[in-house]
Amino acid sequence: MNPQSHDAAAQTATQTGEAPLPLAGIRVVEFTHMVMGPTCGMMLADLGAEVIKIEPVQGDNTRRLKGSGAGFFAMFNRNKKSLPVNLQDPRGIELVLKLIASADIVSENFKAGTMARLGLDYATLSRLNERLIYVSHKGFLPGPYQHRTALDEVVQMMGGLAYMTGPEGRPLRAGAAVNDIMGGMFGAMGAMAALLERARTGRGQEVQSALFENNVFLVGHHMMQYAVTGKPAAPMPSRISAWAVYDVFTVKDGEQIFLAVVSDTQWKLFCEAFGFADLAQDARLAGNNDRVEARSWLMPMLRERMAPLAAADIAARFEAQGLPYAPIAKPQDLFDDPHLTATGGLADITLPQDGAGSGAGSGGAGNGAAGKHAKVPLLPITLGGRRPGVRTDPPALGAQGAQLLETLGLSATQIAALTEAGVVGPVN
């Protein structure tokens, strides 16, 4: 940790009347793109670290993605500074090495060998600064697969998650970039653990996080199910549920609602709430395991009885009894979720002027939406009752870059010359 940076962060927090965030004073230099690496940097930034995003001179390609990638940059790059640098130019390498000299953490998620070719690998940088923590986000941890190119979907297929998500014979990727996001989270967790260890030893270390191993961790309980029972776990659509009532019901006007009754006490409350005295008194349904065995006839009966009821009515009865239920929401519905709105779970951001995606929606960004306001989910934690929030918007290309270069001793004239030469991109 840079003591001057920590003091400055603490002073700023004092002036604003807020306690410093846990990672205030920690400097992170990240060479990342897409989701996995940026997620790690976003987590560290949300927790107070100064995160400097090194981008190509023309900007991170993620800024220009469309379709399912349109929200990547806006989601995973808040609270960061941007410095566009040509790493193929020795002068660009010299600039980032100066930044790294004052850094606590370097984070990267490029193909194996890329950072070594640039002289920015851990072996090289650790000789310059033994306190440096270096986080590598890869497809696979070192081993027989490490040469392969991995994507979230690739490891979901080979790691059993797609098999568990789809129906029999139809492997289906999960509906979010679960391995990319969690891989970045584990990278951040490893970085924070390394910071604690460095406080004891005075030395940094390399931290590695990988998509495939993350995916294996996600399906670990299915692996253990096989170890315990000797029977393979069935894909979710055809699984034998541990609970009798644990499914989506189609009800009045075609609406859908997820309902769960997962204990004998809940079963009694459910039957009472809906006037199912006959089911409550049926000895064949006395215990949870009995109801699981009876699913073949019980569930069609329940579906028939629930079908004429409105989803709002069902929800109200479940709510009154403290029973688990859920409406079937779409991502865009969450912009107006009353709980998120009331608890501050969504924060305002302004989309970068150089574009951060496409798509339409009440809270999202459309084509040409740069500069517009949107809502973004915060980290799902509280620290002493506070949610780590958005201090700065996802950066426009070069945002705060000029200030960073000035801290390296460059004058405005020198910065202009490097920009003209294509060593750095536009900075402000």
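Residues numbered from 1 in each chain as written. Predicted model: local features only at pLDDT ≥ 70, side-chain atom pairs only at ≥ 80, totals over all residues. Heavy atoms only, no water.

Under the annotation held in an unreviewed UniProt entry, the protein carries the name Formyl-CoA:oxalate CoA-transferase and is attributed to Achromobacter deleyi.

Peer 1: Can you walk me through the side chain of T62 in this structure?
Peer 2: Tracing the backbone through its elements, the reader meets T62 in the loop between β2 (50-55) and α3 (72-76). Separated by 3.0 Å, the side chain of T62 and the backbone nitrogen of M34 make a polar contact. (Helix = DSSP H or I, 4+ residues; strand = E, 2+ residues; numbered from the N terminus. Polar contact = N/O pair within 3.5 Å; in protein donor to acceptor, adjacent residues only side chain to side chain.)

Peer 1: What is the right way to look at the domain arrangement of the protein in this model?
Peer 2: For an interface, size is often stated in terms of accessible area lost upon the parts coming together. The domain architecture assigned to the protein consists of domain 1 (27-221 + 367-421) and domain 2 (241-327). On a C-alpha basis, the centres of domain 1 and domain 2 stand 45 Å from each other. (Domains from an automatic or database assignment.)

Peer 1: Sorry if this is basic, but what is going on with the packing of helix α12 (residues 264-274) against helix α16 (residues 311-321) here?
Peer 2: Two quantities define a packed helix pair, namely the angle between the axes and the distance from one axis to the other. Where α12 contacts α16, the axes come no closer than 10 Å and their chain directions differ by 135°. One way to sum up the angle between α12 and α16 is to call them oblique. Crossing geometry of α12 relative to α16 is assigned as right-handed. Of the residues in α16, those touching α12 at L269, F270, A273 and F274 are I314, R317, F318 and Q321. (Axes fitted to C-alpha atoms, helices over the stretch in contact; angles between N-to-C directions. Parallel < 35°, antiparallel > 145°, perpendicular 65-115°, else oblique. Left-handed = near helix turned anticlockwise from the far one by under 90°. Contact = heavy atoms within 4.5 Å.)

Peer 1: I keep staring at the sheet that holds strand β9 (residues 325-327) and nothing clicks. Help me out?
Peer 2: Pairing between the strands of a sheet comes from backbone hydrogen bonds, and it takes one of two forms, parallel or antiparallel. The antiparallel open sheet is built from three strands, whose spatial order is β7-β8-β9. The outermost strands of the open sheet, each flanked by one partner alone, are β7 (245-250) and β9. Ignoring which end each strand starts from, the neighbouring axes of this sheet average 15° apart. Taken together, the six bridges between β7 and strand β8 (residues 256-261) define a ladder with antiparallel strand orientation. By the bridge assignment, V248 is partnered in β8 with F258. (Pairing = 2+ DSSP bridges.)

Peer 1: How should I be thinking about the pattern of salt bridges in this particular structure?
Peer 2: Pairing between side chains of opposite charge can happen when the charged atoms of each approach one another. By the definition in use, this model includes 20 salt bridges. A salt bridge links K53 to E30, with the nearest nitrogen and oxygen atoms 3.6 Å apart. Here K53, found in strand β2, pairs with E30, found in strand β1 (residues 27-31); they are 23 residues apart in sequence, far enough to count as distant. For K53, a relative accessible area of 0% gives the class buried. Within the structure, one salt-bridge network assembled from shared partners comprises E30, K53, D60 and K80. (Salt bridge = Lys/Arg side-chain N within 4 Å of Asp/Glu carboxyl O. Buried < 20%, exposed > 50% of the residue type's maximum accessible area, 1.4 Å probe, protein only.)

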